Amino acid sequence: MSIRWQRNIMVDGENCTVEIQIGDRRIGDKCYTRINQEVEIWFENYYESRGDIIAQGVDILRSRLSGRTITYPNGQPYDWQ
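Residues numbered from 1 in each chain as written. Predicted model: local features only at pLDDT ≥ 70, side-chain atom pairs only at ≥ 80, totals over all residues. Heavy atoms only, no water.

**Q** Got a minute to help me understand the overall build of the chain in this structure?
**A** The helix and strand tally for the chain stands at one helix and five strands. Walking the chain from its N terminus toward its C terminus, one meets helices and strands in the order β-β-β-β-α-β. Here the chain has a C-alpha radius of gyration of 13 Å; the compact-globule value for 81 residues is 12 Å, and the two agree. For the C-alpha atoms alone, the extent of the chain along its principal axes is close to 35 × 20 × 20 Å. Across the 81 residues of the chain, 38% fall into the buried class. Put simply, 36% of the contacts in the chain that link residues at least 6 apart link residues at least 24 apart. Summing over all exposed atoms, the chain offers an accessible surface of approximately 5,200 Å²; the carbon and sulfur share of this is 43%. Averaging the coordinates of the 10 positive side-chain charges in the chain and doing the same for the 12 negative ones gives two points 4 Å apart. (Helix = DSSP H or I, 4+ residues; strand = E, 2+ residues; numbered from the N terminus. Rg over C-alpha atoms; globule rule 2.2 N^0.38 Å. Buried < 20%, exposed > 50% of the residue type's maximum accessible area, 1.4 Å probe, protein only. Contact = heavy atoms within 4.5 Å. Areas by Shrake-Rupley, 256 points an atom, 1.4 Å probe, with all protein chains shown as cover. Lys, Arg positive; Asp, Glu negative; His and termini not counted. Charge placed at Lys NZ, Arg CZ, Asp CG, Glu CD.)

As structure tokens, then:
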């Protein structure tokens, strides 16, 4: 039972998919972030709840994409929700 959070966004004007996995057999047992088809970057989660683990993964993705222009496909600024 893996749970994935995926969003289609634009990074510097190019289509991009960002993904967070928050579990394999239970929430929080295997967590990673991925941008497009890159190799997964695994992280140690600090939380038990789904929302908190996703927030942690979003912070990791936001940090990795820092300094780049991130928007929704329609050109509106991305709000990381």
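**Q** When you look at the packing of aromatic side chains in this model, what are you seeing that I'm missing?
**A** Think of a pair of aromatic rings as described by two things: how far the centres are apart, and how the planes are tilted against each other in angle. Under the counting rule described, the total for this entry stands at four aromatic pairs. Measuring from centroid to centroid gives 5.0 Å for tyrosine 32 and tryptophan 42, while their planes differ by 70°, and the two rings are edge-to-face. One end of the pair, tyrosine 32, is in strand β3 (residues 27-35); the other, tryptophan 42, is in strand β4 (residues 41-43), with ten residues separating them in the sequence. An aromatic cluster is defined as three or more aromatic residues linked by ring pairs; in this entry it consists of Tyr72, Tyr78 and Trp80. (Phe/Tyr/Trp six-rings, centres within 6.5 Å; stacked < 30°, edge-to-face > 60°.)

**Q** Help me understand the sheet that holds strand β2 (residues 14-23), please; the structure alone is not making it clear to me.
**A** The strands making up a sheet are joined through hydrogen bonds of the backbone, oriented either antiparallel or parallel. Strand order in the open sheet formed by five strands is β4-β3-β2-β1-β5, with antiparallel pairing between adjacent strands. Pairing within the sheet leaves two strands with one partner each, and these edge strands are β4 and β5 (70-71). Inspection of the sheet shows strand β1 (residues 4-11) paired to β5 by two bridges, in the antiparallel sense. Residue pairing for β5: valine 11 is matched across the bridge by isoleucine 70. Along the sheet face, helix α1 (residues 50-64) touches β1, β2, β3 and β4 and points at about 25° away from the line of β3. (Pairing = 2+ DSSP bridges. Axes fitted to C-alpha atoms, helices over the stretch in contact; angles between N-to-C directions.)

**Q** Got a minute to help me understand the pattern of salt bridges in this structure?
**A** Side-chain pairs of opposite charge can arise whenever the charged atoms involved come near each other. According to the stated counting rule, one finds six salt bridges in the structure shown. With a shortest N-O distance of 2.8 Å, arginine 4 and glutamate 19 are connected by a salt bridge. Within this pair, whereas arginine 4 is found in strand β1, its partner glutamate 19 is found in strand β2, the two being separated by 15 residues in sequence. Among the residues examined, arginine 4 registers a relative accessible area of 44% and is labelled partly exposed. A single salt-bridge network, built from bridges that share partners, covers Arg4, Glu19, Arg34 and Glu40. (Salt bridge = Lys/Arg side-chain N within 4 Å of Asp/Glu carboxyl O.)

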